[in-house]
Amino acid sequence: DQQVKQNSPSLSVQEGRISILNCDYTNSMFDYFLWYKKYPAEGPTFLISISSIKDKNEDGRFTVFLNKSAKHLSLHIVPSQPGDSAVYFCAASPTLSGNTPLVFGKGTRLSVIA
Amino acid sequence: DSGVTQTPKHLITATGQRVTLRCSPRSGDLSVYWYQQSLDQGLQFLIHYYNGEERAKGNILERFSAQQFPDLHSELNLSSLELGDSALYFCASSVAITSGGVYEQFFGPGTRLTVL
């Protein structure tokens, strides 16, 4: 039973355009959501997060939107750059505590084409 | 560099064998998590230790065990290895949470285990 789903295994986007990565979750107890980025041969690195009390969080070129009623979040990257090419994981947690394990989706491989 | 170190980077072994993966968390982090990433899968939570004590277990097989030592480094022991245990094993650490703040987990580079 997958509680966090990333239904698009891959996405290709032209450099300079917007990349939109989607994530759906089923567990209504999730209150905190994170995006991680992973390059080959490296561990995932934290990108941006959002708590359930917000519907948007922005950090530079990265914006995460949360629609609690639809149990859906998305990551927008504008403008996309070749260095953004990586696998992006959506993760969720039932609490705001750093002491709970994260539930991850399977990831979306983003390719930004120059 | 996340500050989390994992050794070894690669491990090749045979079915039925036993291996130990090692993780050193970031300085000051008391929580250590172990995750497994199999081919085309997301990261699956295995086990969480906080300051030497087991806090939560996820999809961890009985053939697998872990511990966190007084110096806070952690080891994941995998025994009676099977072909299906081949995967990337990640360790992550986070600070202790005392009130209200939100802390992400910092991941090590992983250990790639290949069971032949």
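Report follows, based on the coordinates.

**As for the overall build of chain B**
Within chain B one finds zero helices and 11 strands. In chain B, the succession of helices and strands from N to C terminus is β-β-β-β-β-β-β-β-β-β-β. Here the C-alpha coordinates of chain B stretch approximately 45 × 25 × 20 Å along the principal axes. A buried classification covers 47% of the 116 residues belonging to chain B. Put simply, of all contacts in chain B between residues at least 6 apart along the chain, 55% involve residues at least 24 apart. Computing the positive centroid from 8 side-chain charges and the negative centroid from 11, chain B places the two 3 Å apart.

**Concerning the overall build of chain A**
The secondary structure content of chain A amounts to zero helices and 11 strands. Going from the N terminus to the C terminus, chain A shows its helices and strands as β-β-β-β-β-β-β-β-β-β-β. A globule of 114 residues ought to have a C-alpha radius of gyration of about 13 Å, and chain A, at 13 Å, matches this closely. Principal axes of the C-alpha set define a box for chain A whose edges measure 40 × 30 × 25 Å. Taking all 114 residues of chain A together, the buried fraction comes to 46%. A fraction of 54% describes how many contacts in chain A between residues 6 or more apart in sequence connect residues 24 or more apart. For chain A, the exposed area adds up to about 5,400 Å²; of that, 50% sits on carbon and sulfur atoms.

**Regarding the pattern of salt bridges**
Residues and elements named next belong to chain B. According to the stated counting rule, one finds five salt bridges over all chains in the structure shown. The salt bridge involving arginine 26 is made with aspartate 29; its shortest N-O contact spans 2.8 Å. Where arginine 63 meets glutamate 82, a salt bridge forms, and the shortest distance between an N and an O atom there is 3.7 Å. In this pair, arginine 63 is assigned in the loop between strand S6 (53–57) and strand S7 (64–68) and glutamate 82 in the loop between strand S8 (74–78) and strand S9 (87–94), connecting sequence segments 19 residues apart. Here the salt bridges do not stand alone but share partners, grouping Arg63, Glu82 and Asp85 into one network.

**Some words on the sheet that holds strand S3 (residues 19–25) of chain A**
All names here are of chain A. Pairing in this open sheet of five strands is antiparallel, and the strands run S1-S3-S8-S7-S6 from one edge to the other. The outermost strands of the open sheet, each flanked by one partner alone, are strand S1 (4–5) and strand S6 (56–59). Taken together, the six bridges between strand S7 (residues 62–67) and strand S8 (residues 72–77) define a ladder with antiparallel strand orientation. Considered in S8, the bridge of asparagine 67 is made with histidine 72.

**Notes on the packing of aromatic side chains**
A complete count under the given rule lists 13 aromatic pairs over all chains for this structure. When the centroid spacing of 4.6 Å and the interplanar angle of 40° are considered together, the rings of tyrosine 25 of chain A and phenylalanine 33 of chain A count as tilted. With respect to class, tyrosine 25 of chain A is no different from phenylalanine 33 of chain A; both count as buried. Here the aromatic residues Tyr36, Phe46, Phe89 and Phe104 of chain A together with Tyr33, Tyr35, Phe45, Phe90 and Phe107 of chain B are joined through ring pairs into a cluster of three or more. Its guanidinium or amino end placed over the ring of phenylalanine 106 of chain B, arginine 26 of chain B lies 3.7 Å from that ring's centre, counting from NZ or CZ.

**Quick word on the interface of chain A and chain B**
Facing the 20 residues of chain A at the interface are 25 residues of chain B. In total, about 1,700 Å² of surface goes out of reach between chain A and chain B, with carbon and sulfur atoms giving 60% of it. Where chain A packs against chain B, one counts two residue pairs in polar contact (both at pLDDT 80 or more). With four residues, the top contributor of residues to the side of chain A that touches chain B is strand S4 (residues 32–38) of chain A. Grouping the amino acids of the side of chain A that touches chain B by side-chain chemistry returns 11 nonpolar, six polar and three charged.

Calculation criteria
- Residues numbered from 1 in each chain as written.
- Chains lettered and ligands numbered in written order.
- Predicted model: local features only at pLDDT ≥ 70, side-chain atom pairs only at ≥ 80, totals over all residues.
- Heavy atoms only, no water.
- Helix = DSSP H or I, 4+ residues; strand = E, 2+ residues; numbered from the N terminus.
- Buried < 20%, exposed > 50% of the residue type's maximum accessible area, 1.4 Å probe, protein only.
- Contact = heavy atoms within 4.5 Å.
- Lys, Arg positive; Asp, Glu negative; His and termini not counted.
- Charge placed at Lys NZ, Arg CZ, Asp CG, Glu CD.
- Rg over C-alpha atoms; globule rule 2.2 N^0.38 Å.
- Areas by Shrake-Rupley, 256 points an atom, 1.4 Å probe, with all protein chains shown as cover.
- Salt bridge = Lys/Arg side-chain N within 4 Å of Asp/Glu carboxyl O.
- Pairing = 2+ DSSP bridges.
- Phe/Tyr/Trp six-rings, centres within 6.5 Å; stacked < 30°, edge-to-face > 60°.
- Lys NZ or Arg CZ within 6 Å of the ring centre and 35° of its normal.
- Buried area = accessible area lost by both parts, 1.4 Å probe.
- Polar contact = N/O pair within 3.5 Å; in protein donor to acceptor, adjacent residues only side chain to side chain.
- Nonpolar A, V, L, I, M, F, W, Y, C, P; charged D, E, K, R; others polar.

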